[in-house]
Amino acid sequence: MTSDSATRPPSPALSTPVEPGGARTRVVLLTGPSGTGKTSLAAHSGLPVLRLDDFYKEGTDPTLPQLPDGGGADWDSPLSWDAAAAVAAIEALCRTGRTNVPVYDISLSARVGAAELDLRGAPLFIAEGIFAADAIAACRAAGLLADALCLRGHPVTTFHRRLRRDLREARKPFLYLIRRGLRLLRAERSVVARHIALGAHPCARPEALVRLSAAGAARAAAARRSAVGS
């Protein structure tokens, strides 16, 4: 990862403190290197999903970090992401069960709309993306965190999966994707190490599914206890 990628942005904070037990819903933060299968795992879980990639900064944002070789914006740096807005959306979902979120087109490097995400009473949801670990501290301090997982695999497998996906979705120009893929292949272990240092539990897909199931069962039980006591 580049020096910009290794720089930790200021930790996002919630707009107002959340009293312990004051939020009815909890979040599982699902992170990991690009291409490890976070999106498919989240979809398979059956839980509501907040896509943290929709909180990327726009390509015209002057604060975007740049690659040192002059190859354009460093979209793998946490500084390319609006952490404060993402944490605010997580907070709103935990407090109220719904929020408006941006819709981001990676191929255009731009927000192209907005949509409402409604949890429909679910006591647990997933927030997934390559920068999810940067929200762990704020969510844990506020009592919103059910779990934090870093999905990992073999770097070569991740490289091929990521490249196939990015080419299929025409996310960026071909040469950019090749250069980025090779850069991320070399940096994958350091990316995982960073996520672990921020508080994510490293695991493969089978263990992640077990932990998601356990978190879901715990929140359902908590919701039943709350209903009985109300």
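Predicted, not measured: the structure shown is a model, and the values here were computed from it. (Residues numbered from 1 in each chain as written. Predicted model: local features only at pLDDT ≥ 70, side-chain atom pairs only at ≥ 80, totals over all residues. Heavy atoms only, no water.)

**Student:** An account of the overall build of the protein is requested, with residue identities and associated values reported.
**Tutor:** Along its length, the protein carries seven helices and seven strands. Put simply, the protein runs from its N terminus to its C terminus through helices and strands in the order α-β-α-β-α-β-β-β-α-β-α-α-β-α. Put simply, the protein has 230 residues, and 50% of those count as buried. Contacts in the protein between residues at least 24 apart in sequence constitute 79% of all its contacts with a sequence separation of at least 6. (Helix = DSSP H or I, 4+ residues; strand = E, 2+ residues; numbered from the N terminus. Buried < 20%, exposed > 50% of the residue type's maximum accessible area, 1.4 Å probe, protein only. Contact = heavy atoms within 4.5 Å.)

**Student:** Now, about unusual backbone geometry: what can you tell me, with residues and values included?
**Tutor:** Phi at arginine 120 is positive, roughly 50 degrees, even though this residue is not glycine. Mapped onto the secondary structure, arginine 120 falls in the loop between β4 (110–118) and β5 (124–128). In this structure, alanine 170 takes a positive phi of about 50 degrees despite not being glycine. Assignment of secondary structure puts alanine 170 in the loop between α5 (155–168) and α6 (174–197). On the basis of relative accessibility, which here comes to 49%, the residue alanine 170 falls in the partly exposed class.

**Student:** Please set out the packing of α5 against α6 residue by residue, giving values where relevant.
**Tutor:** Closest axis-to-axis distance for the α5/α6 pair is 10 Å, and the angle between their directions is 155 degrees. Judged by the angle between their axes, α5 and α6 are roughly antiparallel. When you trace α5 past α6, the crossing you get is right-handed. Note on element contacts: α6 touches α5 through Phe174, Leu177, Ile178, Arg180, Gly181, Leu182, Leu184, Leu185, Glu188 and Arg189, opposite Pro155, Val156, Thr158, Phe159, Arg162, Leu163, Arg165, Asp166 and Leu167. In the contact of α5 with α6, the residues fall into 11 nonpolar, two polar and six charged. (Axes fitted to C-alpha atoms, helices over the stretch in contact; angles between N-to-C directions. Parallel < 35°, antiparallel > 145°, perpendicular 65-115°, else oblique. Left-handed = near helix turned anticlockwise from the far one by under 90°. Nonpolar A, V, L, I, M, F, W, Y, C, P; charged D, E, K, R; others polar.)

**Student:** Lay out the packing of aromatic side chains with the relevant residues and their values.
**Tutor:** Across all of its chains, the model carries four aromatic pairs by this definition. Geometrically, the ring pair formed by tryptophan 81 and phenylalanine 131 is tilted, given 5.7 Å between the ring centres and 45 degrees between the ring planes. Taken as a pair, tryptophan 81 in the loop between β2 (49–51) and α3 (83–96) and phenylalanine 131 in the loop between β5 and α4 (136–141) lie far apart in primary sequence, 50 residues in all. The residues tryptophan 81 and phenylalanine 131 share a single accessibility class, namely buried. Taken together, the aromatic side chains of Tyr56, Trp75, Trp81, Tyr104 and Phe131 make up a single cluster linked through ring pairs. (Phe/Tyr/Trp six-rings, centres within 6.5 Å; stacked < 30°, edge-to-face > 60°.)

**Student:** How would you explain helix α2 (residues 38–45) if you had to name every residue and give the values?
**Tutor:** Buried within α2 are the following residues: Lys38, Leu41 and Ala42. Buried residues of α2 fall within an arc of 100 degrees about the axis and therefore sit on the same side. In α2, the exposed residues that point more than 90 degrees away from the buried face are Ala43 and His44. Among the residues trailing α2, glycine 46 stands out with phi positive, at a value near 85 degrees. (Arc of directions from axis to C-beta.)

**Student:** Could you give an account of the sheet that holds β5, with specific residues and numbers?
**Tutor:** Taken in spatial order, the five strands make up an open sheet running β2-β5-β1-β6-β7, and their pairing is parallel. Bordering the open sheet on either side are β2 and β7 (201–203), each of which pairs with just one other strand. Adjacent strand axes in the sheet meet at a mean angle of 25 degrees, parallel and antiparallel pairs treated alike. In the sheet, strand β1 (residues 26–31) pairs with β5 via five bridges, with the strands oriented parallel. Each bridged residue has a counterpart across the sheet, and for valine 27 the counterpart in β5 is phenylalanine 125. In the packing of α2 onto the sheet, the strands contacted are β1, β2, β5 and β6 (145–151), and the crossing angle to β5 comes to about 170 degrees. (Pairing = 2+ DSSP bridges.)

**Student:** Give me the pattern of salt bridges: which residues, what numbers.
**Tutor:** A complete count under the given rule lists 12 salt bridges for this structure. Across the pair aspartate 76 and arginine 183 runs a salt bridge, and its minimum N-O distance is 3.7 Å. Of this pair, aspartate 76 sits in the loop between β2 and α3 while arginine 183 is found in helix α6, placing the two residues 107 residues apart along the sequence. Using a relative accessible area of 5% as the deciding quantity, one classes aspartate 76 as buried. With a closest N to O distance of 2.9 Å, arginine 211 and aspartate 147 form a salt bridge. (Salt bridge = Lys/Arg side-chain N within 4 Å of Asp/Glu carboxyl O.)

**Student:** For the nonpolar core, give the residues involved together with the corresponding values.
**Tutor:** One finds Val27, Leu29, Leu50, Ile90 and Phe125 to be the most contacted residues of the largest nonpolar core, which totals 46 residues. Secondary structure elements with two or more residues in this core: β1, α3, β3 (98–105), β5, α4, β6, α5 and α6. Every residue in contact with isoleucine 90, bar those within four places of it in the chain, is listed here: Val27, Leu29, Leu50, Phe125, Ala127, Ala135 and Cys139. Val28, Ala42, Leu124 and Ile126 belong to the second largest nonpolar core, which has 12 residues in total. (Core = buried A, V, L, I, M, F, W, Y, C linked by side-chain atoms within 4.5 Å.)

Any functional reading would require information that these geometric values do not contain.
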